Amino acid sequence: MPLDLSRSKALFEASQRVIPGGVNSPVRAFRAVGGTPPFIARGSGCLLYDVDGNAYIDYCLSWGPLILGHAHPEVVAALQEAATRGTSFGAPTELELRMAEKVIECLPSVEVVRMVNSGTEATMSAIRLARAYTGRTKVIKFIGCYHGHHDAMLVRAGSGATDLGVPDSPGVPAAAAAETISVHYNDLAGVEAVFRQFGEQIAAVIVEPVAANMGLVLPEPGFLEGLRRITREYGALLIFDEVLTGWRVAYGGAQAYYGVDPDLTTLGKVIGGGLPVGAYGGKREIMALVAPSGPVYQAGTLSGNPLAMTAGLTTLEVLGRPGNFERVVALTERLVRGLNQVLEELELPYRARSVGTLFGLFFTPERVVDYATALTADTRLFSRYHHAMLKRGIYLAPSQFEAGFMSLAHTEAEIDATVAAAAEALREVRG
Ligand code: PLP
């Protein structure tokens with residue numbers, strides 16, 4: 001039985017007349033897999049309900065933030081209480097202090113932290129700060145890593161070893177893009193070559209310590225350590241973009257998991273518990289340059305607002321209770337084990353993998369280590385799989401090049417139902 005999405009379809013058509021592409025963030029439009037995106041009416045625990053009355057086990061979780069699941073009762077209660085006291089003051093609050101202390105307690109590399117309103121703002125501000133601190137302008141990013149949509153980070157993923165400054169989007173001035181140098185993920189030799197050529201001009205290397213915006217791609221042993229060594233050698237800063245990996249790869253982020261100490265860290269998603277949030281922080285000496293303690297200007301009307309701080313603090317508190325984070329990891333591993341068993345039984349040459357509470361499954365027999373190998377995946381097979389899962393009540397991110405997310409609200413029963421659905425779906429779509 002195909003899904004009935006008639007009401008979603010009507011809303012999508014109406015939305016397309018008044019919102020670009022009908023959505024407020026491009027991936028939501030389902031362009032990569034085709035079809036109509038279900039319009040969501042509500043979420044509860046690990047379940048999403050659309051306006052057509054369909055229910056789905058959610059592995060997208062608002063693209064990562066909802067590590068406790070939808071509408072966690074303690075988060076909802078804390079938010080209701082906070083809202084009665086006022087939603088924004090534009091003046092300092094104790095909640096912001098508690099949040100800063102919490103971040104610093106969880107991430108040992110962070111000594112001082114500034115809250116912002118999105119991951120994009122966080123990386124934009126961290127890069128400005130790195131440029132100010134070093135007095136240099138160039139930034140190295142990795143092809144296939146996403147750091148938000150500001151000019152410096154929207155640079156094309158090239159096919160050579162490096163791709164010097166070609167804008168990825170109309171509207172990005174070539175001059176802005178020219179300061180960004182793209183290198184293949186996991187290509188330490190490529191990074192070294194760029195430093196040999198431009199070393200004195202490079203302000204920072206920004207990296208997703210686990211790449212999760214081209215599907216899930218893990219750092220090869222030594223890659224992150226190598227970045228640390230090279231940046232130190234040349235006096236550039238190392239920025240870990242942990243917007244997605246913070247409180248997901250480990251409670252202390254990928255930096256705790258891999259034991260690498262970045263100069264600056266950018267955060268978002270989980271730290272806001274489902275409300276708009278971002279943060280950047282790092283070594284005291286560098287953060288001292290941020291206004292008003294220093295001259296690097298950065299501000300925000302709603303930064304550190306009480307609702308986002310409350311949702312974030314409550315989420316981190318619940319997640320930090322003994323056994324909770326470990327449980328989300330165990331559920332993720334159970335799902336990956338189940339999926340791999342199914343793939344083996346069906347003699348399909350693909351394997352799922354996970355790190356912490358993130359998982360991924362590429363439809364390619366190749367070992368995926370960077371964007372080029374990620375692109376060998378069979379995206380048409382993924383589209384068929386996505387729709388076959390959706391109609392069985394499993395909501396996956398609508399692209400082969402996105403990670404999967406687990407929450408504390410999932411249970412073994414839902415994981416096992418998901419594995420059973422995947423077995424049926426793969427049988428149906430394998431061709
Ligand atoms: N950095 C990373 C690693 C991300 O995954 C994202 C968003 O997915 C961002 C930055 C941008 O965050 P936001 O969408 O909150 O602007």
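Residues numbered from 1 in each chain as written. Predicted model: local features only at pLDDT ≥ 70, side-chain atom pairs only at ≥ 80, totals over all residues. Heavy atoms only, no water.

## Description of the overall build of the chain
Then comes step 1: When its secondary structure is counted, the chain shows 14 helices and 15 strands.
Then comes step 2: For the chain, whose C-alpha radius of gyration is 21 Å, the value lies close to the compact-globule estimate of 22 Å for 431 residues.
Then comes step 3: Along the longest, intermediate and shortest principal axes, the C-alpha atoms of the chain span 60 × 55 × 45 Å.
Then comes step 4: Scored against the burial criterion, the 431 residues of the chain give a buried share of 57%.
Then comes step 5: Put simply, the chain shows about 17700 Å² of open surface, and 54% of that area lies on carbon and sulfur atoms. (Helix = DSSP H or I, 4+ residues; strand = E, 2+ residues; numbered from the N terminus. Rg over C-alpha atoms; globule rule 2.2 N^0.38 Å. Buried < 20%, exposed > 50% of the residue type's maximum accessible area, 1.4 Å probe, protein only. Areas by Shrake-Rupley, 256 points an atom, 1.4 Å probe, with all protein chains shown as cover.)

## Here's the deal with the domain arrangement of the chain
Then comes step 1: Split into domains, the chain comes out as domain 1 (6-71 + 322-429) and domain 2 (73-319).
Then comes step 2: Taking only C-alpha atoms into account, the centre of domain 1 sits 25 Å from that of domain 2.
Then comes step 3: Taken together, the contact pairs 33 residues of domain 1 with 34 residues of domain 2.
Then comes step 4: When the two sides are added together, the surface that domain 1 and domain 2 hide from each other amounts to roughly 2600 Å², 67% of it contributed by carbon and sulfur. (Domains from an automatic or database assignment. Contact = heavy atoms within 4.5 Å. Buried area = accessible area lost by both parts, 1.4 Å probe.)

## Quick look at helix 6 (residues 188-198)
What sets the pattern is the α-helix's 3.6 residues per turn: residues three or four places apart point alike.
Then comes step 1: The complete set of buried residues in helix 6 reads L188, G190, V191, V194, F195 and F198. Viewed end-on, helix 6 has its buried residues packed into an arc of 160°, placing them on one side of the element. Opposite the packed face of helix 6, turned more than 90 degrees from it, sit the exposed residues A189, R196 and Q197. (Arc of directions from axis to C-beta.)

## Some details on the packing of aromatic side chains
Two measures describe an aromatic ring pair: the distance that separates the ring centres and the angle between the ring planes.
Then comes step 1: Per the counting criterion, the structure on display carries 14 aromatic pairs.
Then comes step 2: Plain terms: the ring middles of Y257 and Y258 are 4.8 Å apart, the flat faces sit at 70° to each other, and that makes the pair edge-to-face.
Then comes step 3: Members of the aromatic cluster, each reached through a chain of ring pairs, are Y350, F363, F382 and Y385.
Then comes step 4: The positively charged end of R42 is found above the aromatic ring belonging to Y49, 4.0 Å away from the centroid.
Then comes step 5: Positioned over the ring face of F198 is K138, at 5.4 Å from the centre of the ring. (Phe/Tyr/Trp six-rings, centres within 6.5 Å; stacked < 30°, edge-to-face > 60°. Lys NZ or Arg CZ within 6 Å of the ring centre and 35° of its normal.)

## Quick notes on the layout of surface pockets
Gaps between atoms show up when a probe of the same size as a water molecule is rolled over them.
Then comes step 1: As a volume, the second largest pocket reaches approximately 630 Å³.
Then comes step 2: What lines the second largest pocket is a set of 27 residues, among which E96, V113, R114, M115 and S303 lie closest to the centre.
Then comes step 3: Contributing elements (two or more residues each) for the lining of the second largest pocket: helix 3 (94-106) and strand 4 (112-116).
Then comes step 4: At four residues, the largest contribution of residues to the lining of the second largest pocket is made by strand 4.
Then comes step 5: Taken together, the residues that form the lining of the second largest pocket break down as 15 nonpolar, ten polar and two charged. (1 Å grid on protein atoms, 1.4 Å probe; cavity = no way out; pocket = protein on both sides within 12 Å on 5 of 7 lines; lining within 4 Å. Points joined across faces, edges and corners; volume = space filled by probe spheres on them. Nonpolar A, V, L, I, M, F, W, Y, C, P; charged D, E, K, R; others polar.)

## Section: the nonpolar core
Then comes step 1: The biggest cluster of nonpolar side chains holds 74 residues, and the ones touching the most others in it are Y59, V103, W247, I271 and Y385.
Then comes step 2: Among the elements that make up this core, the one with the highest residue count is helix 11 (residues 324-345) (nine residues).
Then comes step 3: Mapping this core onto the domain boundaries places at least three of its residues in each of domain 1 (6-71 + 322-429) and domain 2 (73-319).
Then comes step 4: Once you skip the residues sitting within four places of it in the chain, V103 turns out to touch V110, V113, W247, L267 and I271.
Then comes step 5: Core analysis: the second largest hydrophobic core is formed by 30 residues, Y185, V217, L238 and F362 among them. (Core = buried A, V, L, I, M, F, W, Y, C linked by side-chain atoms within 4.5 Å.)

## A word on the pairing of strand 7 (residues 180-184)
Then comes step 1: Counting buried positions over the five residues of strand 7 gives five, a clear majority of the element.
Then comes step 2: Where burial is concerned, the two faces of strand 7 agree: the one with T180, S182 and H184 and the one with I181 and V183 are both buried.
Then comes step 3: For strand 5 (residues 138-143) and strand 7, the ladder comprises five bridges, and the chain directions are parallel. Paired with I140 across the two strands is I181, which belongs to strand 7. (Pairing = 2+ DSSP bridges.)

## What about empty space enclosed by the protein?
Then comes step 1: Inspection of the entire model under this criterion finds one cavity of 30 Å³ or more.
Then comes step 2: In this structure, the largest cavity encloses a volume near 220 Å³.
Then comes step 3: Every residue lining the largest cavity is counted, 20 residues in all, and those nearest its centre are F359, G360, L361, F382 and L396.
Then comes step 4: Elements supplying a minimum of two residues to the lining of the largest cavity: helix 11, strand 13 (358-361) and helix 13 (379-390).
Then comes step 5: Classifying every residue of the lining of the largest cavity by side-chain character gives 13 nonpolar, six polar and one charged.

## Notes on the sheet that holds strand 1 (residues 40-44)
Then comes step 1: Reading across from one edge, 1-2-3-14 is the order of the four strands in this open sheet, with mixed pairing throughout. Where the open sheet ends on each side, the last strands, each with one partner, are strand 1 and strand 14 (394-395).
Then comes step 2: In this structure, strand 2 (residues 47-50) lies alongside strand 3 (residues 55-58), joined through three bridges in antiparallel fashion. Within strand 3, the position partnered with L47 by the bridge is I57.

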